[in-house]
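Inside the fold
These are the residues of each chain, in order.
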Amino acid sequence: MKLLVTGGAGFIGSNFIRYVLERYPEVKIINLDKLTYAGRLENLDTVKDNPNYGFVKGDICDLKAVESLAKRADAIVNFAAETHVDRSIMDPQAFVRTDVLGTQVLLECVRKFGIKKYVQVSTDEVYGSIEQGSFKEESPLNPTSPYSASKAAGDFLCLAYYKTYGLPIVITRGANTFGPNQYPEKLMPLFITNLLEGKKVPVYGDGKQIRNWIYVLDHCRGILSALTKGEPGQVYNIGGNAEKTNLEITQMILEILGKDETMIEYVKDRPAHDFRYSLDSFKLSLLGWQPIFSFKEALKNTISWYSHNDWWWKPVKSGQFLEYYKKQYGSSEPS
Ligand code: NAD
Ligand code: DAU
């Protein structure tokens, strides 16, 4: 199978590419990534010389660039997106461009080249917040941030292309994901690296908001199930096995790193902060998927990875990223 992966230099995409190449020698992957601030080629160092892997720097909004790769692909998995809620609140435009227009460009290529399967990697955030119970795939969408609204628009475009043109699209809606290679702006990597640097951790509001956590390899396994077994036109939730408040997560990280609660700094809350996310993943379980990683073990492994790989996150956090990027990749800069 020839797979076009978009956004594969980011957190989940790079874990997915490594996971697939390690296990499926019959799969060839081309990774198209714009290398924004969140895209890191070093995430793919271990596969860069694999004959089944190739990288192209490019933008999913660029129809010509996508066409030149899509015409040789059997399937597409789209990870490419602007992904951080706080950035979307500060500057929504890039989110609409990539998460909406970029998705539509990819769908046009699926239409033009008769791609056999298209997986849109989406998020539980499109459902909005739920006080009790869990969202099912048919629950109404109620996004609250520019990020989740853009992702929801991408989902609607996929469903419209399925209904209108009969395209073989599948949507996955994953929960809060954690693991190695996550950019240190998201809760877990930010808090872990802050504590490793001896800094405090900024908890928004009262820290009582609830997230459903999934280890990155369980999320990748779910996306793979949707790619290989998902029914066209269907949505699959990919939920984790740990529902925790932000304060519980913070306390677990503090404990593993041997720190105490004096390292917590309560800061102003995020605007329109969703209180709770929760997914019902029964539908994906019918395709044979279940999360298999223990939350506590996966959290320990993740903390250990950041502890042993400060070369990966220190340049980003110290503000020397542009300098570092030029050294790594030549003169071009991330946008
Ligand atoms: P990330 O921010 O780590 O990586 C995004 C990648 O997309 C980067 O490599 C970036 O360079 C690339 N990219 C951005 N704009 C692009 C463009 N216009 N053209 C080509 N490449 C572009 O993101 P992530 O956390 O790995 O998330 C991947 C996908 O999974 C996203 O679609 C996100 O919405 C979804 N998702 C993430 C989570 C999570 O908790 N991280 C949970 C559920 C779903
Ligand atoms: O649910 C899936 C989504 O999870 C993905 O679609 C997004 O791409 C991903 O960024 C993530 O969104 P969240 O907003 O849930 O994740 P974040 O790590 O930004 O925040 C998790 C929770 O922690 C949230 O309630 C806000 C809170 N938080 C976050 C940061 C960065 C803090 O209290 N302090 C912080 O500094």
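Please refer to the structure higher up on the page.
Summary of the structure given here. None of the values given here were measured: they were computed from a predicted structure.

**A few points about the site of ligand 1**
Around ligand 1 sit 30 residues, and of these I12, D33, T83, Y147 and K151 come closest. Contact distances for ligand 1 include 2.7 Å between an oxygen atom and a side-chain N or O atom of T83. Relative to its unbound accessible surface of 840 Å², ligand 1 loses 97% to contact with the protein. Per-element accounting of the shell around ligand 1 gives the leading share, three residues, to strand β5 (residues 117-123).

**Quick notes on the packing of aromatic side chains**
Under the definition given, this model contains twelve aromatic pairs. With a centroid separation of 5.3 Å and 70° between ring planes, the pair formed by F178 and F295 is classed as edge-to-face. Highlighted residues: F178 in strand β7 (residues 176-178) and F295 in helix α10 (residues 295-308), separated in sequence by 117 residues. Each member of the pair, F178 together with F295, is buried. Centre to centre, the rings of W305 and W312 are 5.3 Å apart; their planes meet at 70°, and the pair counts as edge-to-face. Both residues of the pair, W305 and W312, count as buried. Among the aromatic side chains, those forming a connected cluster through ring pairs are F178, W213, Y215, F293 and F295.

**Let's talk about helix α4 (residues 93-113)**
Across its 21 residues, α4 extends 29 Å between first and last C-alpha, which sits within 8% of the 30 Å expected from 1.5 Å per residue. At G102, α4 is deflected by roughly 25°, the largest bend along its length. Those residues of α4 not exposed but buried are F95, T98, D99, V100, G102, T103, V105, L106, L107, C109 and V110.

**Considerations on the pattern of salt bridges**
Using the criterion set out here, one finds 18 salt bridges in the structure. A salt bridge links R23 to E22; the shortest N-O distance between them is 3.5 Å. Judged by its relative accessible area of 40%, R23 is partly exposed. Using a relative accessible area of 57% as the deciding quantity, one classes E22 as exposed. A salt bridge links K34 to D59; its shortest N-O distance comes to 3.8 Å. Taken as a pair, K34 in the loop between β2 (28-33) and β3 (53-57) and D59 in the loop between β3 and α2 (63-70) lie far apart in primary sequence, 25 residues in all. On the basis of relative accessibility, which here comes to 13%, the residue D59 falls in the buried class. Connected through salt bridges with shared partners, the residues K34, D59 and R97 form a single ionic network.

Each value, and the rule that gives it
Residues numbered from 1 in each chain as written. Chains lettered and ligands numbered in written order. Predicted model: local features only at pLDDT ≥ 70, side-chain atom pairs only at ≥ 80, totals over all residues. Heavy atoms only, no water. Near = heavy atom within 4 Å. Polar contact = N/O pair within 3.5 Å; in protein donor to acceptor, adjacent residues only side chain to side chain. Areas by Shrake-Rupley, 256 points an atom, 1.4 Å probe, with all protein chains shown as cover. Helix = DSSP H or I, 4+ residues; strand = E, 2+ residues; numbered from the N terminus. Phe/Tyr/Trp six-rings, centres within 6.5 Å; stacked < 30°, edge-to-face > 60°. Buried < 20%, exposed > 50% of the residue type's maximum accessible area, 1.4 Å probe, protein only. Expected span 1.5 Å × (residues − 1). Bend = angle between axes of the 7 residues up to and from the residue. Salt bridge = Lys/Arg side-chain N within 4 Å of Asp/Glu carboxyl O.

Read these as spatial facts, not as claims about activity.
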